[in-house]
Amino acid sequence: MDTRTDTAPLPTVPALAAMIDHAVLKPTQVERDVVEACTVARREHIASVCVKPFYVPDCSRLLQGSGVRTSTVVGFPHGGQAPEVKVATSLQALRDGATELDMVINIGALIERDYATVEREIASVVGVGHASEATVKVILECAYLDDAQKAIAAQIAHASGADFVKTSTGFGPEGATVEDVRLLRSIVGPKMGVKASGGIRTLDDALAMIAAGADRLGTSSTAAILEELRRRRGET
């Protein structure tokens, strides 16, 4: 991945922080990891903390009054659940305090060109999410798709009313790439969100994704990225 950003102006720390969803999704991560993430989130005023559904109540409680949103995953990480299961997961998460839902599409259905299933599941999750004023992001897991499939999936997500398309879970064979972010931005246009996620570990990674068209970043390296930005800006 080309991460050269020499000619791009550096964002302010608050501006970059407001674009970050801090991920706490590894199978081995436990409650103390959620607590640590929420502490960083409150200090840095990031966009959201994204946790496994089990930890949504804890995350929501820890972030109460901070302005940081509680995000969770639906159909994670492979998207193979029935649409009804994804809706049930979404409803429970919303009851527990989630305000953002990151839903993995049924990758197999997309590859088989069962677009009706993909549309139904996205529209159903968008429906329950928006009824609770929650943001819905649709994870395509681009590493498994060719460009034509990525474009079709993004078009379906856009037509179904989702708020964001998202490149990856971070648990597939490859994370976000500049090329995929550019492609998704070109498909969905300027008004829909594009989230780059997976493999974003450095400030240069983050800046490259933003330059390609991302307006939200999923990472577990929040503190390191923001610290590097402060150093480059001469603020430490």
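Here the structure is a predicted model, which means the values were calculated and not measured.

Criteria and cut-off values
- Residues numbered from 1 in each chain as written.
- Predicted model: local features only at pLDDT ≥ 70, side-chain atom pairs only at ≥ 80, totals over all residues.
- Heavy atoms only, no water.
- Helix = DSSP H or I, 4+ residues; strand = E, 2+ residues; numbered from the N terminus.
- Buried < 20%, exposed > 50% of the residue type's maximum accessible area, 1.4 Å probe, protein only.
- pLDDT = per-residue confidence, 0-100.
- Contact = heavy atoms within 4.5 Å.
- Polar contact = N/O pair within 3.5 Å; in protein donor to acceptor, adjacent residues only side chain to side chain.
- Salt bridge = Lys/Arg side-chain N within 4 Å of Asp/Glu carboxyl O.
- Pairing = 2+ DSSP bridges.

(A) Seen up close, unusual backbone geometry. The amide bond that connects Phe76 to the next residue, Pro77, takes the cis arrangement and shows omega of 0°. Backbone geometry places His45, a non-glycine residue, at a positive phi of 60°. Within the fold, His45 resides in the loop between helix 2 (31-44) and strand 2 (48-51). According to the relative accessible area criterion, His45 is exposed, its value standing at 52%. Phi angles above zero are rare outside glycine, and Arg113 is one such case at about 65°. Tracing the backbone shows Arg113 in the loop between helix 5 (107-111) and helix 6 (115-131).

(B) Inspection of the confidence of the model for the protein at higher detail. When the pLDDT values of the protein are averaged, the result is 96; 97% of them are 70 or greater. Overall, residues 1-5 carries pLDDT values under 50, and its contacts beyond four positions in sequence, including any with other chains, amount to 13 contacts.

(C) Structural detail: the side chain of Thr169. Topologically, Thr169 is positioned in the loop between strand 6 (164-166) and helix 8 (178-188). In this structure the side chain of Thr169 is engaged in a polar contact, spanning 2.9 Å, whose partner is the backbone nitrogen of Phe171. Apart from residues no more than four positions distant in its own chain, Thr169 is found in contact with Phe76, Pro77, Val104, Ile139 and Glu141.

(D) View of the pattern of salt bridges. As enumerated under the stated definition, the model contains 22 salt bridges in all. The residue Asp180 makes a salt bridge to Lys150 at a minimum N-O spacing of 2.7 Å. Taken together, the residues Asp180 in helix 8 and Lys150 in helix 7 (residues 147-159) connect sequence positions 30 residues apart. Here Arg231 makes a salt bridge to Glu228, at a shortest N to O gap of 2.4 Å. Here Arg231 pairs with Glu228, and both are found in helix 10 (residues 222-233), just 3 residues apart, close to one helical turn. In this structure, a network of salt bridges that share partners links the residues Asp21, Arg69, Glu100, Asp102, Lys137, Lys166, Lys195 and Arg216.

(E) Highlighting the pairing of strand 8 (residues 216-219). Covered by surrounding structure in strand 8 are Arg216 and Gly218 together with Leu217 and Thr219, the residues of both alternating faces. Note: strand 1 (residues 20-24) against strand 8, 3 bridges, orientation parallel. Looking across to strand 8, one finds that His22 is bridged to Thr219. In this structure, strand 7 (residues 193-197) lies alongside strand 8, joined through 3 bridges in parallel fashion. Bridged to Ala196 within strand 8 is Leu217.

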